[in-house]
Amino acid sequence: MIDALAEAKKAYSCGEIPIGAVIEKDGKIVGRGYNLTETLKDPTAHAELIAIREAAKTLGGWRLLQCNLYVTCEPCAMCAGAIVWSRMKKVFIGTMDPKGGACGSVFNILQEEKLNHYVEIETGLMETECSDLLKDFFRDLRQRGFKWDKMKNPGLTK
């Protein structure tokens with residue numbers, strides 16, 4: 001989770017919502033990512049998807065069997081779907097997202113019985129550090145008078 005938190009700090013430094021992710025297999029990191037939705041103007045450029053793409057490229061295939069994902073904030077429905085379809089073994093989550101999380105908060109896509117793959121979940125890894133980073137980011141935005149309805153890049157504009 002230390003490496004995922006380092007990725008999240010990269011997102012923060014470029015004005016992105018600070019979420020970071022790493023994927024490991026056999027103790028080695030095979031994929032990394034941090035949010036780049038504003039920078040790339042791409043709604044799918046979430047930390048988890050970037051890490052999944054890199055891991056698939058590193059491992060030479062889309063099935064990420066026996067891989068574990070470490071992510072600083074609970075994945076959304078889009079990312080949770082990609083985690084299931086990539087056949088990951090386990091997801092370690094720093095802090096939960098009670099408004100949009102899809103790994104136990106709002107939905108639990110990773111363990112949906114109707115899907116063809118079940119992903120183990122462990123929550124609360126470095127929870128304080130992960131949560132504080134997000135709180136600091138949004139506090140900084142509010143202090144600068146940022147308005148979401150005029151969003152171009154939350155960290156760089158007002």
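Residues numbered from 1 in each chain as written. Predicted model: local features only at pLDDT ≥ 70, side-chain atom pairs only at ≥ 80, totals over all residues. Heavy atoms only, no water.

In the annotation of an unreviewed UniProt entry, the chain is listed under the name tRNA-specific adenosine deaminase and assigned to Aminipila terrae. Taken verbatim from the UniProt record of the chain, the Sequence similarities (unreviewed entry) comment is "Belongs to the cytidine and deoxycytidylate deaminase family. ADAT2 subfamily." Under the Subunit (unreviewed entry) heading, UniProt states for the chain: "Homodimer." (UniProt positions renumbered as here; feature names shortened; annotations may be inferred.)

Q: Explain the UniProt feature "binding site: Zn(2+)" (unreviewed entry) in the chain to me, using residue names and the numbers behind them.
A: According to UniProt, the positions carrying the feature "binding site: Zn(2+)" (unreviewed entry) are H46, C76 and C79. Their sequence span is 34 residues, while the largest C-alpha to C-alpha distance among them is just 9.3 Å; these annotated residues converge on one region. Its location among the elements puts H46 in the loop between α2 (37–40) and α3 (47–59). Ignoring any residue separated from it by four or fewer positions in sequence, one finds H46 in contact with N35, T37, C76, M78 and C79. Within the local environment of H46, its side chain forms a polar contact with the backbone oxygen of P43, the two atoms lying 3.4 Å apart. Every residue in contact with C76, bar those within four places of it in the chain, is listed here: H46, G100 and A102. (Helix = DSSP H or I, 4+ residues; strand = E, 2+ residues; numbered from the N terminus. Contact = heavy atoms within 4.5 Å. Polar contact = N/O pair within 3.5 Å; in protein donor to acceptor, adjacent residues only side chain to side chain.)

Q: A description of unusual backbone geometry should follow, citing residues and the corresponding values.
A: Residues other than glycine seldom take positive phi values, yet D26 does so here, at roughly 55 degrees. Mapping D26 onto the fold places it in the loop between β1 (20–25) and β2 (28–34). Relative accessible area serves as the criterion here: at 69%, D26 is assigned to the exposed category. A positive phi is found at K41, a non-glycine position, where the angle reads about 55 degrees. Considering the arrangement of structural elements, one finds K41 in the loop between α2 and α3. (Buried < 20%, exposed > 50% of the residue type's maximum accessible area, 1.4 Å probe, protein only.)

Q: Please provide a residue-by-residue account of the pattern of salt bridges, values included.
A: Scanning the model with the defined rule gives five salt bridges in all. The partner of R32 in a salt bridge is E7, with the nearest N and O atoms 3.5 Å apart. Of this pair, R32 sits in strand β2 while E7 is found in helix α1 (residues 2–13), placing the two residues 25 residues apart along the sequence. On the basis of relative accessibility, which here comes to 31%, the residue R32 falls in the partly exposed class. Linking R139 and D140 is a salt bridge whose minimum nitrogen-to-oxygen distance equals 3.4 Å. For D140, a relative accessible area of 23% corresponds to the partly exposed category. (Salt bridge = Lys/Arg side-chain N within 4 Å of Asp/Glu carboxyl O.)

Q: Lay out the sheet that holds β1 in plain terms, naming residues and giving numbers.
A: Taken in spatial order, the five strands line up as β2-β1-β3-β4-β5 in an open sheet, and their pairing is mixed. Sheet topology places β2 and β5 (120–123) at the edges, where each strand pairs with a single neighbour. Neighbouring strand axes in the sheet, compared pairwise and without regard to direction, differ in orientation by 15 degrees on average. As paired elements, strand β3 (residues 67–73) and strand β4 (residues 90–95) share five bridges and run parallel to each other. Looking at β4, one finds that Y70 is bridged to F92. Sheet contacts for α1: β1, β2 and β3; angle to β1, the most-contacted strand, approximately 150 degrees. Running over the sheet, helix α5 (residues 127–143) touches β3 and β4 and is turned about 60 degrees from β4. (Pairing = 2+ DSSP bridges. Axes fitted to C-alpha atoms, helices over the stretch in contact; angles between N-to-C directions.)

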